[in-house]
Amino acid sequence: MAYAAKRNPDIKPTHPGEILKNDVLPAVEMSVSDVAKALGVSRQSLHRILAGRAAVTPEMALRIGKFCGNGPELWLRMQEAFDLWHAKKTIASDLARIKTVRAA
């Protein structure tokens, strides 16, 4: 039997930059400068992602996915979960006023 994991909607998803900073960089034993060079991006651009101040774009997801060997979809899903969680918190009161309409 397959088990579908569900996340707690009250817990903020981890920004993909945190995964890069805390898991990937130590595992590959490379500096931020070396990883930025390997990705073909500026060190500042990578630093903004690692600090959670910039989103992982589709282009960056392609680069990170190739670098890590796990593809871009994982990185985009992490960014999407992070963005949606924050958006939901930001407009929660507006969403509460919107009625769901179902087709007949």
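Up top you'll find the structure we're talking about.
Residues numbered from 1 in each chain as written. Predicted model: local features only at pLDDT ≥ 70, side-chain atom pairs only at ≥ 80, totals over all residues. Heavy atoms only, no water.

(A) Quick look at the overall build of the chain. Regarding its fold elements, the chain presents six helices and zero strands. Each helix and strand of the chain, placed in order from N terminus to C terminus, yields the pattern α-α-α-α-α-α. Here the C-alpha atoms of the chain give a radius of gyration of 17 Å, more than 25% beyond the 13 Å that 2.2 N^0.38 yields for 104 residues. Seen along its three principal axes, the alpha-carbon backbone of the chain occupies a region of about 55 × 40 × 25 Å. When each of the 104 residues of the chain is scored for burial, the buried share is 27%. Partitioning the intrachain contacts of the chain with sequence separation of at least 6 by distance along the chain shows that 53% fall at a separation of at least 24. Of the roughly 7,600 Å² of accessible surface on the chain, a fraction of 56% belongs to carbon and sulfur atoms. (Helix = DSSP H or I, 4+ residues; strand = E, 2+ residues; numbered from the N terminus. Rg over C-alpha atoms; globule rule 2.2 N^0.38 Å. Buried < 20%, exposed > 50% of the residue type's maximum accessible area, 1.4 Å probe, protein only. Contact = heavy atoms within 4.5 Å. Areas by Shrake-Rupley, 256 points an atom, 1.4 Å probe, with all protein chains shown as cover.)

(B) Looking closely at the nonpolar core. Ranked by size, the top nonpolar core spans 17 residues in total, and within it L20, L39, L46, V56, M60, I64 and W75 carry the most contacts. Elements with a contribution of two residues or more to this core: α1 (16-28), α2 (32-39), α3 (43-50), α4 (58-68) and α5 (72-90). Residue contributions to this core peak at four residues, all from α2. Apart from residues no more than four positions distant in its own chain, L46 is found in contact with V32, V35, A36, L39 and V41. (Core = buried A, V, L, I, M, F, W, Y, C linked by side-chain atoms within 4.5 Å.)

(C) Expanded view of the packing of α4 against α5. Here α4 crosses α5 at 130 degrees, and the two axes come no closer than 7 Å. One way to sum up the angle between α4 and α5 is to call them oblique. The crossing of α4 and α5 is right-handed. Taking contact as the criterion, the partners of P58, A61, L62, I64, G65 and C68 in α4 are, on α5, P72, W75 and L76. Of the residues that constitute the contact of α4 with α5, the class distribution is eight nonpolar, one polar and no charged. (Axes fitted to C-alpha atoms, helices over the stretch in contact; angles between N-to-C directions. Parallel < 35°, antiparallel > 145°, perpendicular 65-115°, else oblique. Left-handed = near helix turned anticlockwise from the far one by under 90°. Nonpolar A, V, L, I, M, F, W, Y, C, P; charged D, E, K, R; others polar.)

(D) Geometry of α5. Here α5 is 19 residues long and its end C-alpha atoms lie 27 Å apart, about the 27 Å a rise of 1.5 Å per residue gives. Regarding α5, the residues found buried are P72, W75, M78, Q79, F82 and W85. In the core, the buried residues of α5 are packed alongside α1 and α4. (Expected span 1.5 Å × (residues − 1).)

(E) Just the environment of I64, in detail. For I64, the position within the fold is in helix α4. Setting aside chain neighbours within four positions, we find I64 in contact with L20, L39, V56, N70 and W75.

(F) Quick peek at the pattern of salt bridges. One pass over the structure, following the stated rule, counts one salt bridge. Measuring nitrogen to oxygen at the nearest pair gives 2.5 Å for the salt bridge that ties R97 to D94. On the criterion of helical spacing, the pair formed by R97 and D94 is a turn pair, its members being three residues apart in helix α6 (residues 92-97). Residue classification places R97 among the exposed residues on the basis of a relative accessible area of 61%. On the accessibility criterion, D94 (38% relative accessible area) is partly exposed. (Salt bridge = Lys/Arg side-chain N within 4 Å of Asp/Glu carboxyl O.)

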